[in-house]
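Residue-level structure breakdown
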Amino acid sequence: MMDILTFGISGILTLVVCIISIILLVLTIVFGIIRAVKKKFKKTFIILSIVTILLGIVNFFTINNLIKSFNEINIDNDESINIRQEDGKIILSDNPIEQLFMSDDKKTEIICEYIMNKIETKDYENIKNIFSNDMINNVKNLDEGINKLIDISNENITNFKSQSNGSETHWDNGQHRKTYRFSCDITTDNAKYSIGFEYDYENPFNNETLGVNRMVILDENRNILVLVDNETINKGY
């Protein structure tokens, strides 16, 4: 598994190769024009074309592998995770480049583990922090949902697994609101549960919606135990 230092070095080398490819492409175009106008440098133009194409193919696969390797970087999701809000967006990492290249699956995995860490504290106020301010102010049965999460935690959570269920993006004047839907399958000493979340990851139109805006808790037979839903959410656009 690639570490962040190796990824950084690989990224720099890839950038250098990309710059060389661009220079070769420009030279190919220049010699192509000269070849078309003055009928000279035929051999040079052919060689440049072949090298540019081959290097372009190499770049394509190198960049793909680099992104794939980055998504496999082991991100420590324990006490070091301190999800916060900044400029209408949820911040998952102090390294903006790291967050920029995260896949949606990785983002929801980190958010889910952060939520589970809060639930395992069994502390009402800690758990309340996973929900958006808009939901806290508008959903009347939120207490019921939080207390059920505490009850589940009291059963001793032995295992959980996150699963991404999709996302939604709204664009307006170059800005966008992004919402993730994901679930956490939980095993305790007594039972199994599945908790579905709708989570505002980014909303420059109204940062009061950042966080969980919908939560449904299901038992192992898929029966709904608790549903808390911010139906009056003010999206801001």
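First, a word on scope: everything that follows refers to the structure included in this document.

Notes on the packing of aromatic side chains
Any two aromatic rings considered together are summarised by their centre-to-centre distance and by the angle between their planes. With the rule as written, the count across this model stands at 3 aromatic pairs. Look at F182 and Y199: their rings are 6.2 Å apart centre to centre, the planes differ by 55°, and that puts the pair in the tilted class. Highlighted residues: F182 in strand β4 (residues 175–188) and Y199 in strand β5 (residues 192–202), separated in sequence by 17 residues. Here F182 falls in the buried class, since its relative accessible area comes to 1%. Every member of this aromatic cluster is reached through a ring pair, and the members are F182, F197 and Y199.

A few points about the side chain of T28
In this structure, T28 sits in helix α1 (residues 4–38). T28 sits in the buried class, given a relative accessible area of 10%. Side-chain polar atoms of T28 contact the backbone oxygen of L24, separated by 2.7 Å. A polar contact of 3.0 Å, which involves the side chain of T28, links it to the side chain of T52. Every residue in contact with T28, bar those within four places of it in the chain, is listed here: F45, L48, S49 and T52.

The rules behind the values
- Residues numbered from 1 in each chain as written.
- Predicted model: local features only at pLDDT ≥ 70, side-chain atom pairs only at ≥ 80, totals over all residues.
- Heavy atoms only, no water.
- Phe/Tyr/Trp six-rings, centres within 6.5 Å; stacked < 30°, edge-to-face > 60°.
- Helix = DSSP H or I, 4+ residues; strand = E, 2+ residues; numbered from the N terminus.
- Buried < 20%, exposed > 50% of the residue type's maximum accessible area, 1.4 Å probe, protein only.
- Polar contact = N/O pair within 3.5 Å; in protein donor to acceptor, adjacent residues only side chain to side chain.
- Contact = heavy atoms within 4.5 Å.

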